Amino acid sequence: MTKTYRDLMTEARQLVPEWTPDDVRQRTSNGGGFRLIDVREKEEYREGHLPGAVSVPRGFLDMRIEEAVPDKSTPIVLYCAGGTRSMLAGRTLRELGYTNVVSMAGGFGAWKGAGHPWVADRQFSADQLTRYSRHFILPEVGEAGQAKLLDAKVLLIGAGGLGSPSAYYLAAAGVGTLGIVDMDVVDMSNLQRQILHSNDRVGMPKVESARQTLTALNPDIKVIGYQERVTSENIMQLIRDYDVIVDGCDNFPTRYLVNDACVMANKPNVHGSIFQFEGQATVFYPGKGPCYRCLFPEPPPPGAAPSCQEAGVLGVLPGLVGCVQALETIKVILGIGKPLIGRMVYFDTLSMELRIHKLRKDPQCPVCGEHPTVTQLIDYEEFCGLRVPGHTDAAHA
Ligand SMILES: [Zn+2]
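Residues numbered from 1 in each chain as written. Predicted model: local features only at pLDDT ≥ 70, side-chain atom pairs only at ≥ 80, totals over all residues. Heavy atoms only, no water.

**Some thoughts on the coordination of the zinc ion**
Four donors placed tetrahedrally around a metal ideally meet at 109.5 degrees, and six donors placed octahedrally ideally meet at 90 or 180 degrees. The zinc ion binds to the protein through Cys291 (SG), Cys294 (SG), Cys365 (SG) and Cys368 (SG); the donor distances cover 2.2 to 2.3 Å. Around the zinc ion, the four donor atoms are arranged such that angles at the metal cover 94 to 124°; this shape is classified as tetrahedral. Sequence spacing of the donors to the zinc ion: C-x2-C-x70-C-x2-C. Taken together, the positions of Cys291 in the loop between strand E11 (278-284) and helix H14 (292-295) and Cys368 in the loop between strand E13 (353-358) and helix H17 (380-383) put the pair 77 residues apart, joining distant regions of the chain. When sorted by exposure, Cys291 lands in the same class as Cys368, which is buried. (Donors = N, O, S within 2.8 Å, 3.2 Å for Na, K, Ca; no water. Tetrahedral: all angles 85-135°; square planar, octahedral: opposite > 155°, others 65-115°. Helix = DSSP H or I, 4+ residues; strand = E, 2+ residues; numbered from the N terminus. Buried < 20%, exposed > 50% of the residue type's maximum accessible area, 1.4 Å probe, protein only.)

**Side note on the pairing of strand E7 (residues 177-181)**
The side chains of a regular strand alternate between both faces of the sheet. Extensive coverage of E7 is indicated by the burial of five of its five residues. The side-chain alternation of E7 yields two buried faces, one formed by Thr177, Gly179 and Val181 and the other by Leu178 and Ile180. Where strand E6 (residues 153-157) and E7 come together, five bridges link them in parallel fashion. Bridge pairing links Leu156 to Ile180 in E7. One crossover worth recording links E6 to the parallel E7 by way of helix H10 (residues 163-173), and it is right-handed. (Pairing = 2+ DSSP bridges. Right-handed = clockwise from strand over helix to strand, strands pointing away.)

**Observations regarding the sheet that holds strand E5 (residues 101-104)**
In space, the five strands of this open sheet follow the order E1-E5-E4-E2-E3, with parallel pairing throughout. One side of each edge strand has no neighbouring strand; the edge strands of this open sheet are strand E1 (18-19) and strand E3 (54-55). Both strand E2 (residues 35-38) and E3 contribute to a ladder of two bridges, which runs parallel. Bridge pairing in E3 links Asp38 to Ser55.

**A few points about the layout of surface pockets**
Roughly 610 Å³ of volume is contained in the second largest pocket. Lys42, Ser55, Phe136, Gly142 and Glu143 are the residues nearest the centre of the second largest pocket, which is lined by 22 residues in total. Mapped onto the lining of the second largest pocket, the elements with two or more residues apiece are helix H3 (42-47), E3, helix H4 (61-68), helix H8 (133-137) and helix H9 (142-151). With four residues, H9 is the largest single contributor of residues to the lining of the second largest pocket. Its residues assigned to classes, the lining of the second largest pocket shows twelve nonpolar, three polar and seven charged. (1 Å grid on protein atoms, 1.4 Å probe; cavity = no way out; pocket = protein on both sides within 12 Å on 5 of 7 lines; lining within 4 Å. Points joined across faces, edges and corners; volume = space filled by probe spheres on them. Nonpolar A, V, L, I, M, F, W, Y, C, P; charged D, E, K, R; others polar.)

**Section: the packing of H10 against helix H16 (residues 317-334)**
Relative to each other, H10 and H16 sit at 40°, their axes nearing to 7 Å. In terms of their interaxial angle, H10 and H16 are classed as oblique. Crossing of H10 over H16 shows right-handed handedness. Residues Pro165, Ser166, Tyr169, Leu170 and Ala173 of H10 pack against Pro318, Gly319, Gly322, Cys323, Gln325, Ala326, Thr329 and Ile330 of H16. Looking at the contact of H10 with H16 residue by residue, the classes come out as eight nonpolar, five polar and no charged. (Axes fitted to C-alpha atoms, helices over the stretch in contact; angles between N-to-C directions. Parallel < 35°, antiparallel > 145°, perpendicular 65-115°, else oblique. Left-handed = near helix turned anticlockwise from the far one by under 90°. Contact = heavy atoms within 4.5 Å.)

**Some thoughts on the packing of aromatic side chains**
Under the criterion given, the structure shown has nine aromatic pairs. Seen in terms of ring centroids, Tyr256 and Tyr292 are 5.1 Å apart; in terms of plane orientation they differ by 70°. Their pairing is edge-to-face. With a gap of 36 residues between them, Tyr256 in helix H13 (residues 252-265) and Tyr292 in helix H14 connect regions that are remote in the sequence. Of the two residues, Tyr256 and Tyr292, both sit in the buried class. Aromatic pair Tyr256 and Phe383: ring centres 5.0 Å apart, planes at 80°, arrangement edge-to-face. (Phe/Tyr/Trp six-rings, centres within 6.5 Å; stacked < 30°, edge-to-face > 60°.)

**Describing the nonpolar core**
By size, the foremost hydrophobic cluster in this structure holds 38 residues, and its most contacted members are Val154, Leu170, Val175, Leu178, Ile180 and Leu214. Sort the elements by how many residues they give to this core and H16 lands first, with eight residues. By size, the runner-up hydrophobic cluster in this structure holds 22 residues, among which are Val230, Leu238, Tyr242 and Cys249. (Core = buried A, V, L, I, M, F, W, Y, C linked by side-chain atoms within 4.5 Å.)

**Notes on the sheet that holds strand E12 (residues 343-348)**
Strand order in the open sheet made by the eight strands is E8-E7-E6-E9-E10-E11-E12-E13, with mixed pairing throughout. This sheet does not close on itself; its edge strands, each paired only once, are strand E8 (222-226) and E13. Each strand of the sheet is rotated relative to its neighbour by a mean of 15°, with strand direction disregarded. Sheet topology places strand E10 (residues 269-275) next to E11; seven bridges connect them, and they run antiparallel. Paired with Gly272 across the bridge in E11 is Ala281. Its contacts with the sheet place H13 against E6, strand E9 (244-247), E10 and E11, and it is angled at close to 165° to E10. Lying over the sheet, H16 contacts E6, E9, E10, E11 and E12, oriented at roughly 170° with respect to E10.

**What to know about the confidence of the model for the protein chain**
Summarising the model, the protein chain shows a mean pLDDT of 93, and 97% of its residues fall at 70 or more. Note on residues 389-396: pLDDT under 50 across the span, and 21 contacts to partners over four residues away in sequence or across chains. (pLDDT = per-residue confidence, 0-100.)

**Brief notes about the pattern of salt bridges**
The final tally for this structure, using the stated rule, is twelve salt bridges. With a shortest N-O distance of 4.0 Å, Glu18 and Arg13 are connected by a salt bridge. Judged by its relative accessible area of 38%, Glu18 falls in the partly exposed class. According to the relative accessible area criterion, Arg13 is partly exposed, its value standing at 49%. (Salt bridge = Lys/Arg side-chain N within 4 Å of Asp/Glu carboxyl O.)

Given below as structure tokens:
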């Protein structure tokens, strides 16, 4: 004889005791000691759930419960919307061998009705669910990680060789706000490597060209252009609202300026630099590792280290280094993996050798050391010996 729904519920009630929302709340404040499982559909969970609840939709219980709760003697509290699905789910768990299963009477509706706290995950649109689906599948990113990316604000110094691939991939990954500082206009000689720009945009401000390319790739993000030179006067204001700074400049005054400002403002600075066939990248994270000045306290003498404009650069190289910068930025935002803090990755494209050097923080560093002597921004042109009348900075890499 086929069991009716009523029979199933009667059986379930005999096997699965109920707690009221008040019971659950009280036991939670007393330290819990149980796993809270939300057995509703994923969409229902997303719209609001009990704090600390794990989502295992009822249809997936057999498949997923062992991963969520490996020990079958662990006390489990199940809830659904109204208290019925969780009761039936409790019966299933008892059949699967779980010995200590409770269902919350009245479900999430009764919990909310009693005025107990609940949380809502970020609501993703249908487009976002599709666009970021490969991120959602990765447990290390998932919906929580994608929400972090969408909430993150990254400032790119330069929309040139390094800024192009960095910004391109950060936009694709759904980093919600990208600021780009660059005073230049697109020049034909940029197009050999600066992939944000195109032939029909020669003469257009790079920040505008960048905005057009990035929003065409991903209209889900905001791109803010600052068509200005980054200086000691404006940098603190520029970086203030951003979480991570990506340094894609190719001149020493700007590099020291960005470094010092990031140390002073306590912002991670994802560094990249390129020269002819060689490139390097690292993450300068105040308080967690060295800064640029720990490695290079003094700039090279003027003229000793020529710019890309003077010395040339192989077309694909900035793509390699800029992509590492984008990758490291995403790791910093998500808090996953092992960012390149205190390590420098170094590429030699001709031999295709890749090396990683350990970097040490210098206790005597004038900016981030124990007794810093540089406590406010200085004149970086002068510091780099470039204070020559009529001199302008080299274009961004
Ligand atoms: Zn330092």
